[in-house]
Amino acid sequence: MLTEVHGGDGYPVNWPECPSEWLMQPSLLAAWVAELDGHVVGHIGLSRSGEGDAAPALWSRREGASIERTAVISRLFVSPTARGHGIGAHLMARAVEDAQQRALHPVLDVMASDTAAAALYERLGWTLLATVEQQWSPTQTVTVHCYAAPS
């Protein structure tokens, strides 16, 4: 399914050498999949802040709280054939609920070019913290929107 999403949407931007390792990042706290008619059609992860995550630092400065009080929503994708069923919103709700049970505040970074994802986050009441440039490699700089879940 990730291959299908990448082919249609360009997500992830840089295709991982080992997709399963990319999904199971070392900082991962939990992950969920969504099923529709017996098929996996979506995925979301919740992780600790890592190097290069801008949203945790922005939220921390805004709230006067430690970065350790954040959890990063990551690796959210829904199969193009399953869109329009509220799966992205359902996965987001599940990840936010888990973060809150851990007494962590959910934040995320999203490519500025991913307008569909940004629209979902804004429909769900997430707050745009800032738009920043991130250096993903010596030759790749990307623009990302940083969001925080509603309080």
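Structure shown above.
The following paragraphs examine the structure supplied in this document. Every value quoted in this text rests on a predicted model; they were computed, and no experiment measured them.

### Structural notes on unusual backbone geometry
The amide bond that connects Y11 to the next residue, P12, takes the cis arrangement and shows omega of -5°. Its place among the elements puts P12 in the loop between α1 (2–9) and α2 (19–23). Despite not being glycine, R75 shows a phi value in the positive range, around 55°. One can find R75 in strand β3 (residues 70–78). Here A103, not a glycine, exhibits a phi torsion of approximately 60°, which is positive.

### Thoughts on the sheet that holds β3
Through backbone hydrogen bonds, the strands of a sheet pair up, either in parallel or in antiparallel fashion. Strands sit in the order β1-β2-β3-β4-β6-β5 across an open sheet of six strands; the sheet is mixed. At either margin of the open sheet sits one strand with a lone partner, and together these are β1 (28–36) and β5 (127–137). Ignoring which end each strand starts from, the neighbouring axes of this sheet average 30° apart. With five bridges joining them, strand β2 (residues 39–47) and β3 adopt antiparallel strand pairing. Looking across to β3, one finds that G42 is bridged to V78.

Rules used throughout
Residues numbered from 1 in each chain as written. Predicted model: local features only at pLDDT ≥ 70, side-chain atom pairs only at ≥ 80, totals over all residues. Heavy atoms only, no water. Helix = DSSP H or I, 4+ residues; strand = E, 2+ residues; numbered from the N terminus. Pairing = 2+ DSSP bridges. Axes fitted to C-alpha atoms, helices over the stretch in contact; angles between N-to-C directions.

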